[in-house]
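# Structural description and commentary
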Amino acid sequence: LPIFYHFQSKQSVFEEYREYLSGATVERIKHVKEHLLQDMTQRTNLKELALEHDLSLTQLKDGFRQVYGESPYAYLRNYKMHQAAQLLRQTDHKISEVALMMGYENPSKFSEAFYAVMGCKPNAYRKSQFPPRSLVSTFCYPALLHLTLLRYSDLIQEVKKHRQTGADGHFV
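Residues numbered from 1 in each chain as written. Predicted model: local features only at pLDDT ≥ 70, side-chain atom pairs only at ≥ 80, totals over all residues. Heavy atoms only, no water.

## With respect to the packing of helix α5 (residues 72-90) against helix α7 (residues 107-118)
Helix-helix packing is described using two parameters, namely the angle between the two axes and the distance between the axes. The test is simple: Whenever a helix is involved, its axis is fitted only over the stretch in contact; in every case the axis is a line through C-alpha atoms, and angles between N-to-C directions fall within 0 to 180 degrees. Helix and strand assignments follow DSSP, with helices taken as H or I runs no shorter than four residues and strands as E runs no shorter than two, numbered in order from the N terminus. For classification purposes, angles smaller than 35 degrees are called roughly parallel, those larger than 145 roughly antiparallel, those between 65 and 115 roughly perpendicular, and all remaining angles oblique. Whether two residues touch is decided by their heavy atoms; if any such pair falls within 4.5 Å, the residues are in contact. Each residue gets one label: Ala, Val, Leu, Ile, Met, Phe, Trp, Tyr, Cys and Pro are nonpolar, Asp, Glu, Lys and Arg are charged, and the others, such as Gly, are polar.
Between α5 and α7, the least distance of the axes is 9 Å, while the angle of their chain directions is 100°. Between α5 and α7, the angle falls in the class roughly perpendicular. In contact with R77, N78, M81, H82, A84, A85 and L88 of α5, α7 contributes F110, A113, F114, A116, V117 and M118. By residue class, the composition of the contact of α5 with α7 is ten nonpolar, two polar and one charged.

Dropping the structure here:
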């Protein structure tokens, strides 16, 4: 039930502030996204980015949220953490090395950001071999919410369908 209210509140807030964006503005915002993702290790100044793409700071922030559903910095952080998750799964790089690749000089700050997005620490994520074979898992559950494009009702059906409790009491 709390998840339902979370999605419902996000949807109503998003719809409330929805404005028309011209095709040219949408294209500029897409270029901003590409610019953000080109060099993820550098801290980006949104004012400079807005000027570079002929947008006001407000147009950039509001338009980015309208096109991608979150602020530029939130989008970038989520993208970085999902890239980091892939590296943790597919390589033997140390967590501190992955942190540096994602632009974090401090592994603790990286770990905090990873936890905020993925719902578990990088070490636990690597050990879990997430994503599990079943679609739904409460281990790193917030990551599932970022990855799924299912409607709320579909998500609930999937949770019910795949809900099985393991020996340690966690869902598998």
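On we go.
## Quick notes on the environment of V117
Where we set the bar: Each residue is assigned to one of three classes by its accessible area relative to the maximum for its type, calculated with a 1.4 Å probe on protein chains only: buried under 20%, partly exposed between the two thresholds, exposed over 50%.
Position of V117 relative to the elements: it lies in helix α7. Look at V117 and you get buried, because its relative accessible area is 1%. When the C-alpha positions of V117 and M81 are compared, they lie 6.8 Å apart, and in sequence the two are 36 residues distant.

## Some details on the packing of aromatic side chains
This is how it is decided: Here a pair means two rings of Phe, Tyr or Trp (six-membered ring of Trp) with centres within 6.5 Å. Their orientation is stacked below 30 degrees between planes, edge-to-face above 60, and tilted elsewhere. Geometrically, a charge over a ring is one whose NZ (Lys) or CZ (Arg) sits within 6 Å of the ring centre while staying within 35 degrees of the ring normal.
Applying the stated criterion across every chain, the model contains six aromatic pairs. Aromatic side chains Y104 and F110 sit 5.7 Å apart centroid to centroid with 65° between the ring planes, which places their arrangement in the edge-to-face category. Neither residue differs from the other here; Y104 and F110 are each classed as buried. Taken together, the ring pairs in this structure connect Y104, F110, F114 and Y125 into an aromatic cluster. Over the aromatic face of Y73 sits the side chain of R43, whose NZ or CZ is 4.5 Å from the ring centroid.

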